[in-house]
Amino acid sequence: MTTSPAESSAPSFAMPEPGRSGLLPEALRRRLHPDPTVRRLAGVTLVNTVGNGLSLSVAVLFFTRVLGLSAAQLGFGMTAAGLCGVVASVPAGRAADRWGARRVLVALVSAEAVGTAGYVFVHSYPAFVLLACAVSAVDRGSSAARNALYAEVLPADRRVAGRAHLRVVTNIGICLGTGLGAIALQLDTRAVYLSAILADAVSYVAVAFLLHRLPVVAASVAAAVAAESRDRAGTPGASGTEGDSGAAARSGTANPSDPVDKGVKQGRRGNPALRDGPFLAVTALCSVLGLQFAVLEVGVPLWIVQQTDAPRITVAGSLVVNTLMVIALQVRATRGTEERPAAARACRRAGLLLAASCLVLALAHGLPGILAGLVVLAGIALQSLAEVMGQAGGWALSYDLAGERGHGAYQGVFNAGTAAALMAGPALVSTAVIGFGPAGWAVLGAVLAAAGLAMGPAVRWAGRRDARLPAA
């Protein structure tokens, strides 16, 4: 999918181009996204991720040295919090469909601001566990609502490219926040750690304010208005499937051609995503591919330090390589993933590249220090290529298989799969890597390759399902 400078289909998004007044340098103007809605979302994302990067950098030391938790207590608390995040994603997505993604997202982000600030006042372990569970629940719920919001405000043909741009901004924000966190770690005082946590809470307040001011006109509504205009003008395209879809959007009824009858009436009959077999299969496969994040954040550092002679600085180097490659390649990786088969191919390539990455990482075992470090970085480069492909394909499928209704429900289920991978991934990957060494890497690579190869059959299953539905 390309990021062409076409304007959003919703007229209310129009706003003056940054830099028209001469306040922004020409070089900066060229780097801004041409879509004003994506620019606004990028600003929100930057504020959010700078705060996240800051708190993530100091979180472990804050919890262990300021709150006085043991490593075992912290591990149990984070596992319980992760489980709450998995459970919260589905109802948060349904709430986004019922009350509007922006409204729900503002509420959840505001709650996250309060919860994050609450860590400063925690003085017992039970209170920490309860608060961590609450914060994780609203965090994963807000992720589901945020993804539904993207479906509401971005036209279908530009959603994946928009998300790719926002992911680049996310990496930049995390880098900036991590830099601030490094300063806090160097100062290493209780007051500085408390200030970092409170700064993250303030960033959530700013995000809630910016989201509240975001103009929201659903892209589907804008498309319906355009279809109605064509009807009145008697232009081609006013009839057939598109016209029926527009009529459904205007009347609030289900579109019979929408897969699994994902119309408004579905909202009264339970969660349609939980009855959509092909979508659940794709969600599960994307969750398996999502183990790559545990590989990068847990598996590779443990492998470097405990099982190779690579310099320990390679741990930081692997994160730098990954971050730079994602920033450079994520937008480009979305191009051509608009259609289901292309998105499935991107996931297949991601699985195969992840398998190759695991095999390369395994080769570092037993090599001399510098050579081992270079081999690890080569494996990280392969993983980073897989990451941008897999994310692009997964985003495209998560939106495409949902049709144009019930995005909150579908994104809630998809996000629950992601949350499950984030929760279980560290334990699974560390067990494979440290417990079984090179053989563990080989098994992990085989699992990731199988997930990528299975994506094609899952998508074809969705196509056969759609073909059996009555035409509009």
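Treat the numbers as computed from the prediction; the structure is a model and nothing was measured.

(A) Quick peek at the overall build of the protein chain. Along the backbone of the protein chain there are 15 helices and 0 strands. Counting only residues that meet the buried cut, the protein chain has 49% of its 472 residues in that class. Restricting the contact set of the protein chain to residue pairs at least 6 apart, pairs at least 24 apart contribute 83%. Of the accessible surface of the protein chain, which amounts to about 20,500 Å², a share of 67% is contributed by carbon and sulfur atoms.

(B) How the structure looks around the nonpolar core. With 51 residues, the main nonpolar core has Val282, Val300, Trp441 and Met455 as its most contacted residues. Those elements that provide at least two residues to this core are helix H6 (159-187), helix H10 (277-289), helix H11 (291-307), helix H12 (313-333), helix H13 (340-363), helix H14 (369-400) and helix H15 (407-468). The element contributing the most residues to this core is H15, with 13 residues. Those residues in contact with Val282 that lie beyond four places of it in its chain are Leu397, Leu401, Met455, Ala458 and Val459.

(C) Broad picture of the packing of aromatic side chains. Under the defined criterion, the tally for this structure stands at 8 aromatic pairs. Relative to Phe128, the ring of Tyr119 lies with its centre 6.3 Å away and its plane at 45 degrees, an arrangement referred to as tilted. Neither residue differs from the other here; Tyr119 and Phe128 are each classed as buried. Seen from their ring centres, Phe279 and Tyr410 are 4.6 Å apart, and the 75 degrees between their planes marks the pair as edge-to-face. With a gap of 131 residues between them, Phe279 in helix H10 and Tyr410 in helix H15 connect regions that are remote in the sequence. The exposure class of Phe279 is buried, given its relative accessible area of 0%. Within the aromatic cluster, the residues linked to one another by ring pairs are Phe62, Phe63, Tyr119, Tyr125 and Phe128.

(D) Broad picture of unusual backbone geometry. Of note in the backbone geometry, Asp188 takes a positive phi value of approximately 55 degrees without being a glycine. As for its placement among the helices and strands, Asp188 is situated in the loop between H6 and helix H7 (190-212). By relative accessible area, Asp188 is classed as partly exposed at 31%.

(E) The arrangement of the packing of helix H2 (residues 36-66) against helix H5 (residues 125-153) in detail. It is at 14 Å that the axes of H2 and H5 come closest, and there the two elements cross at 160 degrees. Considering the angle they form, H2 stands roughly antiparallel to H5. The hand of the H2/H5 crossing is left-handed. On H5, the residues that touch Thr37, Leu41, Thr45, Asn48 and Phe63 of H2 are Phe128, Arg146, Leu149, Tyr150 and Val153.

(F) The arrangement of the environment of Ala386 in detail. Along the chain, Ala386 turns up in helix H14. For Ala386, a relative accessible area of 0% puts it in the buried group. Once residues lying within four places of it in the same chain are set aside, the contact partners of Ala386 are Gln292, Ala350, Leu353 and Leu354.

(G) Layout of the side chain of Asp35. Examined against the element boundaries, Asp35 turns out to sit in the loop between helix H1 (26-31) and H2. Taking relative accessible area as the criterion, Asp35 reaches 2% and is therefore assigned buried.

(H) Quick look at the environment of Ala450. Position of Ala450 among the secondary structure elements: in helix H15. Sequence spacing of Ala450 and Leu285 is 165 residues, and the spatial spacing of their C-alpha atoms is 9.0 Å.

(I) Spotlight on a positive patch on the surface. Taken together, the side chains of Arg345, Arg348, Arg349, Arg460, Arg464 and Arg468 make up a positively charged region of the molecular surface. Of all the elements in the fold, those that place two or more residues in the positive patch are H13 and H15.

(J) The arrangement of a nonpolar patch on the surface in detail. Taken together, the side chains of Leu46, Ile172 and Leu176 make up a nonpolar region of the molecular surface, amounting to roughly 240 Å² of accessible area. Tracing the backbone shows Leu46 in helix H2.

(K) Spotlight on H5. For H5, which comprises 29 residues, the first-to-last C-alpha distance of 41 Å matches the rise-based estimate of 42 Å (1.5 Å per residue) to within 8%. In terms of burial, H5 is largely enclosed, as 21 of its 29 residues are buried.

(L) Layout of the packing of H10 against H15. The geometry of H10 relative to H15 is characterised by a closest axis approach of 5 Å and an angle of 155 degrees between their N-to-C directions. With respect to their mutual orientation, H10 and H15 come out roughly antiparallel. The handedness of the crossing between H10 and H15 is left-handed.

(M) Structural context of the confidence of the model for the protein chain. On average, residues of the protein chain score 82 in pLDDT, and 81% of them are at 70 or above. Every residue in residues 1-28 is under pLDDT 50, and counting partners more than four places away or in other chains gives 60 contacts. Every residue in residues 218-268 scores below 50 in pLDDT, and together they form 73 contacts with partners more than four places removed in sequence or on other chains.

(N) Fine view of the environment of Ala111. Take Ala111: it is sitting in helix H4 (residues 101-118). Judged by its relative accessible area of 34%, Ala111 is partly exposed. Residues Ala111 and Tyr204, 93 residues apart in the sequence, show an inter-C-alpha distance of 8.8 Å.

Rules used throughout
- Residues numbered from 1 in each chain as written.
- Predicted model: local features only at pLDDT ≥ 70, side-chain atom pairs only at ≥ 80, totals over all residues.
- Heavy atoms only, no water.
- Helix = DSSP H or I, 4+ residues; strand = E, 2+ residues; numbered from the N terminus.
- Buried < 20%, exposed > 50% of the residue type's maximum accessible area, 1.4 Å probe, protein only.
- Contact = heavy atoms within 4.5 Å.
- Areas by Shrake-Rupley, 256 points an atom, 1.4 Å probe, with all protein chains shown as cover.
- Core = buried A, V, L, I, M, F, W, Y, C linked by side-chain atoms within 4.5 Å.
- Phe/Tyr/Trp six-rings, centres within 6.5 Å; stacked < 30°, edge-to-face > 60°.
- Axes fitted to C-alpha atoms, helices over the stretch in contact; angles between N-to-C directions.
- Parallel < 35°, antiparallel > 145°, perpendicular 65-115°, else oblique.
- Left-handed = near helix turned anticlockwise from the far one by under 90°.
- Patch = residues over 30% accessible without salt bridge, like charges linked within 9 Å, V, L, I, M, F, W, Y side chains within 5 Å.
- Salt bridge = Lys/Arg side-chain N within 4 Å of Asp/Glu carboxyl O.
- Lys, Arg positive; Asp, Glu negative; His and termini not counted.
- Charge placed at Lys NZ, Arg CZ, Asp CG, Glu CD.
- Expected span 1.5 Å × (residues − 1).
- pLDDT = per-residue confidence, 0-100.

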